[in-house]
Amino acid sequence: QVQLVESGGGLVQPGGSLRLSCAASGSIFSIYAMGWYRQAPGKQRDLVATITSGGSTKYADSVKGRFTISRDNAKNTVYLQMNSLKPEDTAVYYCNTDPPYRWGPFWGQGTQVTVSS
C-alpha cells in the first residue's frame, strides 16, 4: 500500500518562499513521473509542476519561473521550491504520479499553503 505524505506548507507573506516535500512509501518511486497539484477553495485540482523519472520538468504558466520541482529517488521524495509567492498561490498542495492514480485511486492529506499579508 503506497502512502503519500506532503509537508512544508504554512502561512507566508506575498513575495515569500516555501519548500514542500512529499514522501512516498511502498512502491518503486524512481520509475514514475511525479507531479505537484493544487486545489484552491471552490476550484478543481490542477497540475502545477511535473518531473519525469529522468529529471525533466514542466510547469504551469502561472508558476513558471517561480516554482522549481525536484526529486531525490534515494529518499523517495519529491520537492517543490516556491519563490515569489502570490496570494493566488493559496491552495492545498498535493503530490501524486503524473498522470495521477498510477498507485491507486487516492491522494495524500495535502499541505495547506496560505499567502497573505
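Basis of the calculations
- In this convention, every chain numbers its residues from 1, walking through the sequence in written order.
- Per-residue local features are limited, in this predicted model, to residues with pLDDT of at least 70; the limit for side-chain atom pairs, both in listing and counting, is 80 or more; totals at the level of whole chains, interfaces and linings are taken over all residues.
- Where side-chain values are given, they derive from all heavy atoms of the structure, hydrogens and water being excluded.
- Stacked, tilted and edge-to-face are the three classes assigned to paired rings of Phe, Tyr and Trp, where Trp is represented by its six-membered ring and a pair needs centres within 6.5 Å; plane angles under 30 degrees give stacked, over 60 edge-to-face, the rest tilted.
- Every helix listed is a DSSP run of H or I at least four residues long, and every strand listed is a run of E at least two residues long, numbered separately from the N terminus.
- When a residue's accessible area, from a 1.4 Å probe over protein chains only, is under 20% of the maximum for its type it is buried; when over 50% it is exposed; and in between it is partly exposed.
- Think of it as a cone above the ring: NZ of Lys or CZ of Arg counts as a charge over the ring if it is within 6 Å of the ring centre and within 35 degrees of the ring normal.

Draft legend 1. Inspection of the packing of aromatic side chains at higher detail. Counting across every chain of the model gives four aromatic pairs. Taken together, a centroid distance of 5.2 Å and an interplanar angle of 75° make the contact between Tyr32 and Trp103 edge-to-face. Here Tyr32 is found in the loop between strand E3 (18–25) and strand E4 (34–39), whereas its partner Trp103 is found in the loop between strand E9 (91–97) and strand E10 (111–115), with 71 residues between them in sequence. For Tyr32, a relative accessible area of 16% puts it in the buried group. A residue is classified by how much of its surface remains accessible, and Trp103, at 14% relative accessible area, is buried. Arranged with centres 5.8 Å apart and planes meeting at 70°, the rings of Tyr94 and Trp107 form a pair that is edge-to-face. Highlighted residues: Tyr94 in strand E9 and Trp107 in the loop between E9 and E10, separated in sequence by 13 residues. Owing to a relative accessible area of 11%, Tyr94 belongs among the buried residues under this scheme. Trp107 sits in the partly exposed class, given a relative accessible area of 23%. Ring-pair connections join several aromatic residues into one group, and the members of that group are Tyr37, Tyr94, Tyr101 and Trp107. It is Arg45 that lies over the ring of Tyr94; its NZ or CZ is 3.9 Å from the centre. Note that Arg45 overlies the ring of Trp107, its terminal NZ or CZ placed 4.2 Å from the centroid.

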